Each structure stands twice: as structure tokens, then as C-alpha cells.
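Letter by letter, the chains look like this.
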Amino acid sequence: RHTRSLCDWSSDVCSSDLLRVKNDMISNLLQVLPVLLVLLCSSLAVGQETPPQVEWFTDHGGSQEESHAHYVMTCEDGGYLQIGETGYVGASAKMFVVKTDAAGNLDWKREFGSGNKNMGNSALEVEDGYLVCGMLSRNSAILKLNKSTGATIFQRTHDLGGADAFEHLASTDNGLLAVGYRNAEDPNNTFFVYGQGHISFLDANGNLLGSNSVNQHLSQAYRVEPTGDGYIIAGGTEDALQYGVIKINASGNVLWSRTFGGNNEDHCFGMDLGADGSIFLAGHTLSGTANWDTYTMKLSGSGTQLWQRTQGNPRGFNPSYIHDETWGVRATADGGCIIAAGTGDEYSYSDCNAGVCSDQWEAYVVKFDGNGSVDWEETYSGPPGNDWAAEDIDLTSDGGAIVAVDNGEFGFLKLDSFLVASNPADFNGDGRVDAADLGFLISAWGTPVGDLDGDGTTSSSDIGLLIAAWTA
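Cut-offs applied
- Within every chain, residues take consecutive numbers counted from 1 along the sequence as written.
- For this predicted model, a pLDDT threshold of at least 70 governs which residues receive local features, and a threshold of 80 or more governs which side-chain atom pairs are given and counted, while totals over whole chains, interfaces and linings are taken from all residues.
- Values reported for side chains reflect all heavy atoms of the structure, with hydrogen atoms and water molecules removed beforehand.
- Secondary structure elements are defined from DSSP: runs of H or I of at least 4 residues count as helices, runs of E of at least 2 residues count as strands, and each element is numbered from the N terminus.
- Relative accessible area decides the class of each residue, using a 1.4 Å probe on protein chains only: under 20% of the type maximum gives buried, over 50% gives exposed, and in between gives partly exposed.
- Note on contacts: a residue pair is in contact if any heavy atoms of the two residues lie within 4.5 Å.
- At least two DSSP bridges between two strands are required for those strands to pair.
- Every axis in this analysis is a line fitted to C-alpha atoms, fitted for helices over the stretch in contact. Angles between the N-to-C directions lie between 0 and 180 degrees.
- Every case where a carboxyl oxygen of Asp or Glu lies within 4 Å of a side-chain nitrogen of Lys or Arg is listed as a salt bridge.
- For the purposes of this analysis, a disulfide is any pair of cysteine sulfur atoms at a distance within 2.5 Å.
- Without a salt bridge and with relative accessible area above 30%, a residue can belong to a patch; like charges are then joined within 9 Å and nonpolar side chains (Val, Leu, Ile, Met, Phe, Trp, Tyr) within 5 Å.
- For the area figures, the Shrake-Rupley method with a 1.4 Å probe applies, and any residue is considered shielded solely by the protein chains shown.
- By the counting scheme adopted, Arg and Lys are positive, Glu and Asp are negative, and His together with the chain ends is not counted.
- A charged residue contributes its charge at one atom only: NZ of Lys, CZ of Arg, CG of Asp or CD of Glu.

### With respect to the overall build of the chain
Turning to step 1, where the next piece is worked out: The helix and strand inventory of the chain stands at three helices and 30 strands.
Turning to step 2, where the next piece is worked out: By the burial criterion, 53% of the 472 residues in the chain qualify as buried.
Turning to step 3, where the next piece is worked out: Partitioning the contacts of the chain with sequence separation of at least 6, the portion at a separation of at least 24 is 49%.

As C-alpha cells, this is what we get:
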């Protein structure tokens, strides 16, 4: 007997089949609709989620009085790597790199540079090593380190003009793209140096192939991420007055440029891309705030702003005295993001609430959902009198996070899992099972696409499984 896989839409047989499927679907939906309405109302009534707890904390110091990290990375072996400097830039600083295992135990640590104009800015893991970048003797620097020992495979410096540095790296078809600045007016600043935005193309061994100015768009190119047809670069505009983001092609030509911000200083230090190409920017702002507040936004892949949020003063002190300064952001699978900041005051003002005082800095972490609503926020602190500030964040394979904490050393703060594990009922891949997945399942009714129970078709039993996953 011939079996039709496609329906002849003019036939009575097809029409009757479709009518039967439609009636079955309506009947089944009427049965589960009361349950779905209860679930929907319950989900809307739920407030912020519970913040993750600290799984562990450890720190590792360098040879100088203080060590300050700027970047943290989850490594392929499950361990973690931080890069920054030990000592003060302009006095005694050396580039400093620390690698730990998955539990925070020290694998190795290395220092680089002589003199006093050295610092590390970020890292990139490649198949046969860690690429770290920053500044050595006021020149842009890139090093490749052995994964197991931290031994130097190569070290390259490039004088791009005045005091210059590489801030971040991305892989290209021909090697590497490094973004940063040159001709810094404040070369001892470890954050915004009032320079001229610059990008450089390097081969796989760190040799300079070519470079372009992007100073028309960015005073300091701070982060770069590859896209399917180019690279997104973000940082600060002239005098750090606005967030700046550009897209370039593989040749370094600017395809588009966007700026965002208010009527005062807006400092952009974090950028990451979502799985769908959306762009997350993070930093802090004085625009429309009593003092510095975290400033986070989501853009479409073409640079259209989807939402922006300011968030701060989580401990409830006088907002005029509180700094909330964001340095890192990571996109999450639910279409949202998580930011890492520090919160505290730097004035003679001091206030205490339930034993917590405003002039003790704490690490401040905020999780936003895909629409910019706060899923949760939390501060994390060390012993009394010990300042903490979160300098960067990365996601971990168990659904948690690793936070780079400045406590005078390189602090590694591991947070418990807070991301929803992959679920077969999560049809749209946003990290949760909800009404959107139900809509997808209904649209797949009678086909194998929404089959959860393995019977080869999408039916009422699959709705039951989705509901179970929704309420789990």
C-alpha cells in the first residue's frame, strides 16, 4: 500500500485528518488549560531567584605588596586562569598570571617584565597554550605560555606609539586580532588611560602583520569577540563619556558603529556575545544616578539597543556615597547575562547596617534575564576589614561561575550552580521550560518534532512531560 508522507491539501482525506488532529488538540488543551493557567500565574508571582552560595574561595599572591587581576577564564581542563599585575603600575608592577585546578589549588604562577610599566589584561586559550596580553615596558605585549607549567613559549612586544597595550585577543583565520590603545595620556592608570583606540593583526606567533586606528570610534578598545562574518569590538569613547561598540570585517574595515549613554560619564569595560549573536555591554555610569551605578545593556547583533539597566547600592546605604563599578559580563544560555562588580564607598562617610559597613567593599554579582529583569543579586565578602571587589567573571561547566576578586591578591570565588541544566523540554534553548516551550510543542502537534516520550509523535502525553519539567 502506498503511504503518503505529504498531504494533498485539496483532498477530503487530508481535510478530515487535519480536522481530527485539530479537535484532538483542542480537547487535550481544554483538559490541561486550568493547570497551565495555575502554573503561569505561579511563575509570574515568583520574585527574584535565590542567589548562588559560595562553593569555595582561595587566593594567590605575587611578589609585590598587592596583586590586582583584570580577567578570569575557565580553562578546558576545568581549572581557572587569572591575569593582571602584581605591584603598582608606574612603581614596581609586573605582569602576573595564575593558573589553578578546578578546586582552586595552585598549578603555577608566573611574573613577567622589568622596570615599572608592566601589566596583564586578558588571556585566550588555544590548543597548545595560553595566550596572554597586556603591556611590557609601556609597549603592547603578547606571550604564549605552556598550559602545564606556565613556561614561556614566546614573548613579543610591539611599539605602536607612546604608551600602548593590548587589552584583548580573538582568533582569526590568519592568526590573532588584538585590540587596545596607543598614545595613552594616563599610562599608569590600570583602567581607562585616555588613549587612542587601536587594533592589530598578528600571526600565530605574535608577529605584527598590520594595524589600524579605531580612534574615531573608541578611545580604548577593550573587548573583542568573533561573529560569523567579522568581529564585535567594545570599549569607551573619548574621555569615557559613552559606551562604544563597532563591528569590523576580517580586513579591519568598520562595518557599523554605535554609541550609548547619557549626559555624564559612562565607562564600558565588559562585553560578551549571546548564542544568537546578541551583544551585552557592561560597566558603570554617572548619567542620571546619585553616584556610580552598574550599567548593563543588551543589543541585537546589528547594534540596536534592546534594553538597558542601572543597578546598584545593594546594601541600602546613602546612594550619594556608594560606588558600584562593573568590570565583567558573560552571556547566559537563557538570553540574559551576569555581571561582576564591586560596591563600596571611598569617602569619609561611613555607615553600618547589621554589622556591614559601607566602607568595606564587597564583590557584587547581578544576574539579568533575557528581558533585563533582575533574576537575583548578591554581595560576597571576606573577613571584616578585608575589602573585596569583583573584577571579572566567567561561567563554569557545572552551571556556576568563577569570579575574579581583588582582595589584595588574585582571589578565586567559585559560585554554586545557578543556571538551569539542559532539558529536552526546553525547545527554544533559553535555559528554562515555560509557556514558550508549550507554544512550540503545540505548533508541532502530530509531528515527531515535539516528541518527548519517544512514541514518534507529539501528543497529549508530551504535554504531560513538559508540565512535569515546568514544575520541577
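### Brief notes about the sheet that holds strand S16 (residues 243-248)
Turning to step 1, where the next piece is worked out: Spatial strand order, S14-S15-S16-S17: four strands in an open sheet with antiparallel pairing. The two strands at the open ends of the sheet, each matched to only one other strand, are strand S14 (220-227) and strand S17 (254-260). With direction set aside, neighbouring strand axes in the sheet form an average angle of 20°.
Turning to step 2, where the next piece is worked out: As judged from the seven bridges shared by S14 and strand S15 (residues 230-236), these two strands associate in the antiparallel manner. Paired with Arg223 across the two strands is Ala234, which belongs to S15.

### Some words on the pattern of salt bridges
Turning to step 1, where the next piece is worked out: Using the criterion set out here, one finds 13 salt bridges in the structure.
Turning to step 2, where the next piece is worked out: Across the salt bridge formed by Lys367 and Asp334, the nearest N and O atoms sit 2.8 Å from each other. Of this pair, Lys367 sits in strand S26 (residues 362-368) while Asp334 sits in the loop between strand S22 (322-331) and strand S23 (337-345), placing them 33 residues apart in sequence. Asp334 shares its class with Lys367; the two are buried.
Turning to step 3, where the next piece is worked out: Because the salt bridges share partners, they merge into one network encompassing Glu55, Asp398 and Lys414.

### Section: the sheet that holds strand S8 (residues 139-145)
Turning to step 1, where the next piece is worked out: With antiparallel pairing, the four strands of this open sheet are ordered in space as S6-S7-S8-S9. With one partner strand each, in any of the chains shown, strand S6 (119-126) and strand S9 (152-158) form the two edges of the open sheet. Here the strands of the sheet are splayed against their neighbours by 20° on average, with no regard to which way each runs.
Turning to step 2, where the next piece is worked out: Across six bridges, the pairing between S8 and S9 is antiparallel. Bridging from a neighbouring strand, Ser140 pairs with His158 of S9.

### Brief notes about the environment of Leu415
Turning to step 1, where the next piece is worked out: Summarising the element assignment, Leu415 is placed in strand S30 (residues 410-415).
Turning to step 2, where the next piece is worked out: Residue Leu415 is classed as buried on the basis of its relative accessible area of 0%.
Turning to step 3, where the next piece is worked out: In sequence terms Leu415 and Gly400 are 15 residues apart; their C-alpha atoms lie 5.5 Å from each other.
Turning to step 4, where the next piece is worked out: With residues up to four places along the chain from it excluded, the contact list for Leu415 reads Pro52, Gln53, Val54, Glu55, Tyr380, Gly400, Ala401 and Val403.

### Points about unusual backbone geometry
Glycine aside, residues mostly have negative phi, and peptide bonds are mostly found in the trans state.
Turning to step 1, where the next piece is worked out: In this structure, Ser137 takes a positive phi of about 50° despite not being glycine.
Turning to step 2, where the next piece is worked out: The class for Ser137 is partly exposed, based on a relative accessible area of 43%.
Turning to step 3, where the next piece is worked out: Notably, Asp239 is not glycine yet its phi reads approximately 60°, a positive angle.
Turning to step 4, where the next piece is worked out: Along the chain, Asp239 turns up in the loop between S15 and S16.

### So, the state of the cysteines
Put plainly, a disulfide is one covalent bond tying together the sulfur atoms of two cysteines.
Turning to step 1, where the next piece is worked out: The final tally for this structure, using the stated rule, is one disulfide.
Turning to step 2, where the next piece is worked out: Between Cys352 and Cys357 runs a disulfide, and the two sulfur atoms are separated by 1.9 Å. Across the disulfide from Cys352 to Cys357, rotation about the S-S bond amounts to roughly 100°, and the bridge is consequently right-handed.
Turning to step 3, where the next piece is worked out: A relative accessible area of 45% places Cys352 in the partly exposed class.

### Comments concerning a negative patch on the surface
Turning to step 1, where the next piece is worked out: Taken together, the side chains of Glu185, Asp186, Glu238 and Asp239 present a region of like negative charge at the surface.
Turning to step 2, where the next piece is worked out: Mapped onto the secondary structure, Glu238 falls in the loop between S15 and S16.
Turning to step 3, where the next piece is worked out: By relative accessible area, which is 61% here, Glu238 ends up exposed.

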